[in-house]
Amino acid sequence: MGNVRAAWSALQGRGTAMLNEGGPWGGGSSGGSGGGDGGKGNGPRNPWSQPPEGDRPRGGGGKGPSALDELLKRAKGARGQLPAGDPNVARWVGYGLVALFALWIVLTSFHQIQPAERGVVTRLGRYSHTLEPGVSLTLPAPIDRVQTIDIDSIREMQIPGGAGERLILTRDQNLIDLQYTVRWKIKDPEQWVFQSVEPESTIRSVSESTMRAALANTTLNDAIGSGRNALANEVQARMQSLLDSYGVGVTIQGIAIRQTDPPAAVVDAFKEVSAAQQKAQTSINQARAYAQQIIQKAQGEAGAFDRVYVQYKAAPEVTRKRMYYETMERVLSKVDKTIVEAPGVTPYLPLRELRKTPADAQGGGQ
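Please read these numbers as outputs of a predicted model, since none were measured by experiment.

1. Quick notes on the layout of surface pockets
It is a probe the size of a water molecule, rolled over the atoms, that shows where empty space is left. Estimated volume of the second largest pocket: approximately 340 Å³. N221, I224, G225, S274 and Q277 are the residues nearest the centre of the second largest pocket, which is lined by 16 residues in total. It is helix α8 (residues 267-314) that contributes the most residues to the lining of the second largest pocket, 8 residues altogether. Grouping the amino acids of the lining of the second largest pocket by side-chain chemistry returns 5 nonpolar, 8 polar and 3 charged.

This is how it looks when you write it as structure tokens:
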């Protein structure tokens, strides 16, 4: 019975405390009066109208901040707002950004073009103009972009490349193992950049097709012999015409044929034929040289006869005697006999002894 009374007393005390606090929501007036709006009514207050108990103002002062304001304030702090820093830091960050912007303008707006180069300018992806050698100014990237093209260097392309097909059919239905080099350089940078997606691949394809077309009208002997230069010139002219029609923007400098051999199975026989042809050509050249010598000699003799004939017409008798004496001198100079036909002259003269020199006579006496 005593325990029941003690519990009842405790319940009464708790109820009294709740009434003093303004009901189950708390928020009574600072003077301890009952709840209502602002402590004026008897109803329960808004639970967000007063701050938590620990944040209430002490000493019975005015109302403190609401619980909602406190909640928002704490949420702000939880997001980690940084306190205000040193104003010098912000100023130096601004200086750095300005310096970076100026450096970006300088590096992407000024361009040095070498004498052997041209600069192709694209503005927002579209061709704008071409920069000549020297220092040039454009809009900064990415508005303007400059692609430098070397137009002075001569480029080379080996055909076929690697293990490509090297056998080509000639007009006389023979196969030839052909390797050659194409030399070219860029003449129009705009066409080189924009006209063809893969210009080098286009040059390779055009060179292979033109070479096969040219060999289709050439015999094997001409291709591996004296017709190589004519074949190279024909291929160069055809390639230039086709590449100009495609607008690739290059100039073909020349075609150098490095190898023209028959297939490996018959290469030995072709080498023998080639050696025989060279020997025959050598004999022909020697015969032509000998014929040229004979012709020149005959022409010289004919010219000498004409000159003698002119003299003969002027003085026939004198010319006949002179020719007779010159002829006899040539004939008798080779014989060891002297004939003298003149009246009153001894028919025998020791001419052999007279012809001997004193040194010969002394040698004979010894």
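2. Observations regarding the packing of α8 against helix α9 (residues 316-332)
Running from amino to carboxyl end, α8 crosses α9 at an angle of 130 degrees, the nearest separation of the two axes being 6 Å. On the basis of the axis angle, α8 is oblique to α9. Where α8 approaches α9, its residues V308, Q311, Y312, K313 and A314 are matched on the opposing element by P316, T319, R320, R322 and M323. In terms of residue class, the contact of α8 with α9 is made up of 5 nonpolar, 2 polar and 3 charged.

3. A look at the nonpolar core
Ranked by size, the top nonpolar core spans 30 residues in total, and within it W184, M211, M239 and I255 carry the most contacts. Listed by contribution, the elements that provide at least two residues to this core are β6 (155-159), β8 (175-186), α5 (199-215), α6 (220-224), α7 (228-246) and β9 (250-261). Considering each element in turn, this core owes the most residues, 6 residues, to β8. For M239, the residues in contact, after removing those within four places along its chain, are V182, I203, V206, S207, T210, I252 and I255.

Procedures and definitions
- Residues numbered from 1 in each chain as written.
- Predicted model: local features only at pLDDT ≥ 70, side-chain atom pairs only at ≥ 80, totals over all residues.
- Heavy atoms only, no water.
- 1 Å grid on protein atoms, 1.4 Å probe; cavity = no way out; pocket = protein on both sides within 12 Å on 5 of 7 lines; lining within 4 Å.
- Points joined across faces, edges and corners; volume = space filled by probe spheres on them.
- Helix = DSSP H or I, 4+ residues; strand = E, 2+ residues; numbered from the N terminus.
- Nonpolar A, V, L, I, M, F, W, Y, C, P; charged D, E, K, R; others polar.
- Axes fitted to C-alpha atoms, helices over the stretch in contact; angles between N-to-C directions.
- Parallel < 35°, antiparallel > 145°, perpendicular 65-115°, else oblique.
- Contact = heavy atoms within 4.5 Å.
- Core = buried A, V, L, I, M, F, W, Y, C linked by side-chain atoms within 4.5 Å.
- Buried < 20%, exposed > 50% of the residue type's maximum accessible area, 1.4 Å probe, protein only.

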